[in-house]
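If you want the building blocks of each chain, they are given just below.
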Amino acid sequence: MLPYFQYPYGCYYFLVPLFLILVVSFSSRGEAGDIVFNFTLNNYARIFDKLYLNIFLKSIAIGLATTVICLILGYPFAFIIARAGKRLKPLFLLLIILPFWTNSLVRTYAMIILLRTEGIVNSILLNIGLINEPLQLMYNNTAVMIGMLYMMFPFMVLPLYASIEKLDMSILEAAEDLGASPLNKFLKITLPLTKGGILSGSLLVFVPTLGLFFITDLMGGSKVVLMSNLVKNQFLTARDWPFGSAISVILMVVMIVLIFYYTKFNGNKNKWEVL
């Protein structure tokens, strides 16, 4: 018997909601917050207003910054895990997988306890005399970035680890015998051979950052507005479902384009081979 998701009609559970969102995005909001099904492009035109365009660009910037920082911090960590001994490797992997055993909302509140004005971080810094007054680590872009990094870091490390684990060390040894420096070995051999993991990890980090509205709400407060919590506010607070649907469609288009280019580059494996 075939699994449920292999039945042809199983895709309807994904296509029908997406089709409804697309239809609503071309509709209008009634005076009572209801949906008026009359074809209009006003919802998409509103996205190009200066206010919403800045929010969109800010969301992209924070997503890119989160991805780059996760890559810079995660690549060495993944390399250490991949080259660790048989006893240490399971322990390192457990440390990466362990956060998945806890609800993401609970982990976000744990970060709030650490970073708030009376939190653990400020208390330690005050007690050891490094600061004279508490740092403002909450309700700003920095807090949102920290929350995103904490939440997305495992999604970067695991694909990188899988890619580095398959790396043939004999190639690096041959390059070393031929006089290649450690930097040349990394740039010309290790990095090209692990680009698949880099692309996978970057995609797994960047795409979810566009939709993690609870991190922005809890750690950014009302001072930080990104596309994710803007969509949530349009549906739950402003009751402007057509405009919220239009923003959702734009975000889905961005994700589809990223996934398309990922599959395109990942399919041309010969482009990543070391000459």
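Thresholds, definitions, all that
- Residues numbered from 1 in each chain as written.
- Predicted model: local features only at pLDDT ≥ 70, side-chain atom pairs only at ≥ 80, totals over all residues.
- Heavy atoms only, no water.
- Helix = DSSP H or I, 4+ residues; strand = E, 2+ residues; numbered from the N terminus.
- Buried < 20%, exposed > 50% of the residue type's maximum accessible area, 1.4 Å probe, protein only.
- Contact = heavy atoms within 4.5 Å.
- Areas by Shrake-Rupley, 256 points an atom, 1.4 Å probe, with all protein chains shown as cover.
- Lys, Arg positive; Asp, Glu negative; His and termini not counted.
- Charge placed at Lys NZ, Arg CZ, Asp CG, Glu CD.
- 1 Å grid on protein atoms, 1.4 Å probe; cavity = no way out; pocket = protein on both sides within 12 Å on 5 of 7 lines; lining within 4 Å.
- Points joined across faces, edges and corners; volume = space filled by probe spheres on them.
- Nonpolar A, V, L, I, M, F, W, Y, C, P; charged D, E, K, R; others polar.
- Phe/Tyr/Trp six-rings, centres within 6.5 Å; stacked < 30°, edge-to-face > 60°.
- Patch = residues over 30% accessible without salt bridge, like charges linked within 9 Å, V, L, I, M, F, W, Y side chains within 5 Å.
- Salt bridge = Lys/Arg side-chain N within 4 Å of Asp/Glu carboxyl O.

Peer 1: Outline the overall build of the protein chain, supporting the account with residue identities and numerical values.
Peer 2: Helix and strand content of the protein chain: 13 helices and two strands. Seen through its C-alpha atoms, the protein chain measures out along the principal axes to roughly 75 × 60 × 45 Å. Taken across its 275 residues, the protein chain has 37% of its residues classed as buried. Expressed as a percentage of contacts within the protein chain between residues at least 6 apart in sequence, the contacts between residues at least 24 apart total 67%. A total of about 16,600 Å² of accessible surface is found on the protein chain, and carbon and sulfur atoms cover 70% of it. Mean positive and mean negative side-chain charge positions of the protein chain (20 and 13 charges, respectively) differ by 2 Å.

Peer 1: Give a description of empty space enclosed by the protein that names residues and reports values.
Peer 2: Taken as a whole and judged by the stated rule, the model has one cavity of 30 Å³ or more. Considered as a void within the structure, the largest cavity measures approximately 30 Å³ in volume. Taken together, S59, I62, G63, M148, T209, L210 and L226 make up the full set of residues lining the largest cavity. Here the lining of the largest cavity gets three residues from one element, more than from any other, and that element is helix α3 (residues 50-82). In terms of residue class, the lining of the largest cavity is built from four nonpolar, three polar and no charged.

Peer 1: Any details on the packing of aromatic side chains? Residues and values, ideally.
Peer 2: Applying the stated rule across the entire model yields ten aromatic pairs. Between Y75 and F186, the ring centres sit 5.6 Å apart and the planes meet at 90°, which makes this aromatic pair edge-to-face. With a gap of 111 residues between them, Y75 in helix α3 and F186 in helix α9 (residues 182-193) connect regions that are remote in the sequence. In this structure Y75 comes out as buried when scored by relative accessible area, which is 8%. Seen in terms of ring centroids, F213 and F214 are 6.3 Å apart; in terms of plane orientation they differ by 85°. Their pairing is edge-to-face. Judged by relative accessible area, which is 35%, F213 ranks as partly exposed.

Peer 1: Please set out a nonpolar patch on the surface residue by residue, giving values where relevant.
Peer 2: A cluster of nonpolar side chains, L88, L91, L94, L95, I97, L98, F100, W101, F155 and L204, forms an exposed patch at the surface whose accessible area comes to about 900 Å². Per-element tally for the nonpolar patch: the top contributor is helix α4 (residues 88-97), with five residues. One can find L95 in helix α4.

Peer 1: So, the side chain of R107: which residues are in play, and what are the values?
Peer 2: With respect to the helices and strands, R107 occurs in helix α5 (residues 104-115). Buried and unpaired, R107 has D217 as its nearest opposite-charge partner, separated by 17 Å. Those residues within four positions of R107 in sequence are excluded, and the remaining contacts are P99, T102, Y150 and M151.

Peer 1: Break down the pattern of salt bridges for me, citing the residues and quoting the values.
Peer 2: Using the criterion set out here, one finds three salt bridges in the structure. We note a salt bridge from D240 to R46, for which the minimum N-O separation is 2.9 Å. Of this pair, D240 sits in the loop between α12 (227-236) and α13 (241-267) while R46 is found in helix α2 (residues 42-47), placing the two residues 194 residues apart along the sequence. In this structure D240 comes out as buried when scored by relative accessible area, which is 9%. Among the residues examined, R46 registers a relative accessible area of 26% and is labelled partly exposed. With its nearest N and O atoms 2.8 Å apart, the salt bridge here joins K232 to D217. Pair noted here: K232 is in helix α12 and D217 is in helix α11 (residues 213-220), with a separation of 15 residues, a long-range link.

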